[in-house]
Amino acid sequence: MTVKTKLIFAYIALGIYVLISLFPFVWSGLIAFTPVNFVDEQGNKQGVDIMEWPPEFKLFPLRFFGAPPTLESFAKVFEITPFARWILNTLLYAGLVTIGHLVLDSLGGYAFARLKFPLKNFWFLLFLSTLMIPGHVTLIPVYNLMVNMDFINTYWGLFLPKLTGVFGLFLMRQFFMGIPHSLEEAAKMDGASIPRRFFTIILPISRPAMAALGIYIFLGTWNDFLWPLLITSQKEMYTLTAGLNFFRSSYYTIWQYMMAASLMITLPMVAVFLGAQKYFVESGAASGVKG
Amino acid sequence: MKEKTRESLYGYLFASPIILSILIFTIIPVFTALYYSFTNYSPLDARKYEFSFNPQDALSMHLGFFPDEQGLTVEGLAEWIDVELFMDLDVGVNLDEEQVALVKQHLDVNRLLQDFLDGKLATEMPLKEFMGTYLTQGSEKFQRYVPKWVWLDNFNKMLHDEYFWISLKNAFFFSIVVVPVQTLIAVLLAVVANTPIRGKGFFKAIFFLPSITSSAAISMIFMLIYTKPGILNRLLGIVGIVPVDWLENPATALPAVMIMNIWTTAGYFMVTFLAGLQSIPTSIYEAAEIDGAGFNRKFWQITLPLLRPQVLFVSIMGFIGCMQVFDQIYFLIKNIRNMTTSFYIYQNAFQYGRMGYASAIAMALFVVILAITMIQRKLVPDEAYF
């Protein structure tokens, strides 16, 4: 094989996988923009069959499944569900959890990386041992704790147990350990206190690690399904994923609405990802997102 | 203050929020779950002492009299009261034998009936308050729910529970297929992308996309693709494959979810492998080419062995993730014979109200995952983890 044929082969193989990766998004997009029914040129109301085969796509005039594409399914989702409220809930949930992680993981990470305190190794090994515990083990006791605290259907119940995590702690600790001691030594000589050194020297150069952690946590929390499913039972308290679960039980036959809702949950994270790609693909966070 | 003391102080000041949080939300719950797994913990029973009822109505219903009727006396009414039936049917609370005996023996019937006749009975009262007021002794047995210690009953039940074994078998089947397939696809994609092509960043970004999407939303999208008149069957129809109702058919439902899972993770792991490949010096390949090695030999004898840390890392992470797969099963699996262990835990705990049993299954899953991780850890050097 010459170098050129090798390259052609590589482009073809990667191209096929690009199609495979994108196809579900494209297909759900086509369906989401297709109206449930429309009025044709003769003024007759017509239903649209999104399962028709072969599907009728035209560019001039633009036709999906023989019908003019519209945004009405997206509007309809807001009309028949408290979708705006769900977005707000999800933003609050993901936002608060992200802030919690950024503040607490970095404080803890600094303590474990740079400060000496009694029992430090004990705590560290204890935390390390929790990494292998499946989420389903702690789920039931933590849920019961939330019930006893009367936190069901509250934001407290949603975010409080998620505010910190061993993974974030280790990530930040690892990052802080890589910062040369000499940076702090000078400040120490000048008599700068520990908090001062942390906030004025360490934090400003930790932005890339914080960004990676923040994006990773925000994304994971935005997509989280099981915890909101357990903690929320009132429509107004659902997050987007829990809301989608509720929505599908009543509207699963209307694929246009389902796809519009699914895309509105997915696309914001695609935007976040594309905007923050460099933190993602290159950071250490990329080595443990999900299985 | 000495420098050392000050450092310890700040150390705890900085670390205490995370220490507390992990203690409260991870470490203590692990032990609580272990405790639950030896009990018959039931979420409905756990709430029963908080449960409020109307003693006035319940008693009136039980006796068949209203308190304002003429000629009623405490002594006369006392003959009509059957404490056991009253608790069971009119109050509507499920008590164990010991508690029933306690109530029968120590319920202050005279005081209760006097309050009833005087109209002093509350119209709403939690059970624990009622017991505290009207039991002459033993009311502490009704203050706090203590699940019954059942020794190894849950584990015993588990061993004989057909659905537990089905769920575990499915979780294994899921992992044993998904992990190698996603790893192989990821390695192959990485090898292909490691050639001097243009637009590497573009390919990486696109391949990464499926892994950042919400599993709930992606499940809905695949549900559409997998329906019987759906696009997948139409495309397969072109090559003459008969349409299958992928998710409704118990034989194809789990494989369909597996394919979706591979789709979400393969591209993501490819990025891990690509980073590993880029650290392999090209001179090794050049040397092999001079020796006349073809693609196959280079792949199996150079690429894979040098990627060993990444391959093991990805397969361990993948395995742990797959054994716990939940969201996709929740959304797409309809037949109980296709569910996985984590879903069965959820069902037992939150749908059947058997939290003790669910905790026992969670412990079993923990042990299985731990055992597999230990085996894999023996094969991989530690530095591959962090």
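Since the structure is predicted, the reported quantities are computational estimates derived from the model, not experimental observations.

Draft legend 1. Looking closely at the overall build of chain B. A tally of helices and strands in chain B yields 20 helices and 2 strands. Radius of gyration (C-alpha) of chain B: 32 Å, far over the 21 Å computed for a compact globule of 386 residues. Overall, chain B is about 110 × 75 × 35 Å in size when its C-alpha atoms are taken along their principal axes. The buried share of chain B, reckoned over its 386 residues, is 38%. Of the contacts formed within chain B by residues at least 6 apart in sequence, a portion of 77% connects residues at least 24 apart.

Draft legend 2. Quick look at the interface of chain A and chain B. Taken together, the contacts link 78 residues of chain A with 76 residues of chain B. Along the lines of polarity and charge, the residues of the side of chain A that touches chain B split into 54 nonpolar, 18 polar and 6 charged.

Draft legend 3. Molecular detail of the environment of Ile221 of chain B. Within the secondary structure, Ile221 of chain B sits in helix α12 (residues 215-226). A count of 25 C-beta atoms within 10 Å places Ile221 of chain B in the buried class. In this structure the C-alpha to C-alpha distance between Ile221 of chain B and Lys157 of chain B, which are 64 residues apart in sequence, comes to 38 Å. Excluding residues within four positions of it along the chain, Ile221 of chain B makes contact with Pro24, Ser28, Met259 and Ser262 of chain A.

Draft legend 4. Here's a closer look at unusual backbone geometry. Residue and element names in this part refer to chain A. Omega for the bond connecting Trp53 with Pro54 falls within 30 degrees of zero, at -10°, which places this linkage in the cis form. The omega angle of the peptide bond from Phe60 to Pro61 is -10°, so this bond is cis rather than trans. Unlike most non-glycine residues, Leu119 shows phi in positive territory, near 70°. Note that Leu119 resides in the loop between α3 (83-114) and α4 (120-130). Here Asn153, not a glycine, exhibits a phi torsion of approximately 65°, which is positive. Along the chain, the position of Asn153 falls in the loop between α5 (135-148) and α6 (155-159). Under the C-beta neighbour-count criterion, Asn153 is labelled partly exposed, with 16 such atoms within 10 Å.

Draft legend 5. Seen up close, the nonpolar core. Within the largest apolar cluster, 161 residues are counted, with the highest numbers of intra-cluster contacts made by Met259 of chain A together with Ala186, Ala190, Val257, Met270, Ile329 and Ile361 of chain B. Broken down by element, this core gets its largest block of residues, 14 residues, from helix α14 (residues 253-278) of chain B. Setting aside its immediate chain neighbours within four residues, Ala190 of chain B contacts Met270, Phe273, Leu274 and Leu277 of chain B. Residues Met87, Val91, Leu113 and Leu121 of chain B belong to the second largest nonpolar core, which totals 11 residues.

Draft legend 6. Structural view of the packing of helix α12 (residues 240-251) of chain A against helix α13 (residues 255-275) of chain A. Residue and element names in this part refer to chain A. With their axes 10 Å apart at the nearest point, α12 and α13 run at an angle of 175° to one another. With respect to α13, the element α12 is oriented roughly antiparallel. Contacts from Leu240, Thr241, Leu244, Phe247, Arg248 and Tyr251 of α12 reach α13 at Tyr257, Met258, Ala261, Ser262 and Ile265. Broken down by class, the residue content of the contact of α12 with α13 amounts to 8 nonpolar, 2 polar and 1 charged.

Draft legend 7. The confidence of the model for chain B, seen in detail. For chain B, the mean per-residue pLDDT works out to 89, and 98% of the residues sit at or above 70. Confidence metrics for the complex model read pTM 0.90 and ipTM 0.92.

Analysis parameters
- Residues numbered from 1 in each chain as written.
- Chains lettered and ligands numbered in written order.
- Predicted model: local features only at pLDDT ≥ 70, side-chain atom pairs only at ≥ 80, totals over all residues.
- Helix = DSSP H or I, 4+ residues; strand = E, 2+ residues; numbered from the N terminus.
- Rg over C-alpha atoms; globule rule 2.2 N^0.38 Å.
- Buried ≥ 20, exposed ≤ 12 C-beta atoms within 10 Å, placed from the backbone.
- Contact = placed C-beta atoms within 7 Å.
- Nonpolar A, V, L, I, M, F, W, Y, C, P; charged D, E, K, R; others polar.
- Core = buried A, V, L, I, M, F, W, Y, C linked by C-beta atoms within 7 Å.
- Axes fitted to C-alpha atoms, helices over the stretch in contact; angles between N-to-C directions.
- Parallel < 35°, antiparallel > 145°, perpendicular 65-115°, else oblique.
- pLDDT = per-residue confidence, 0-100.

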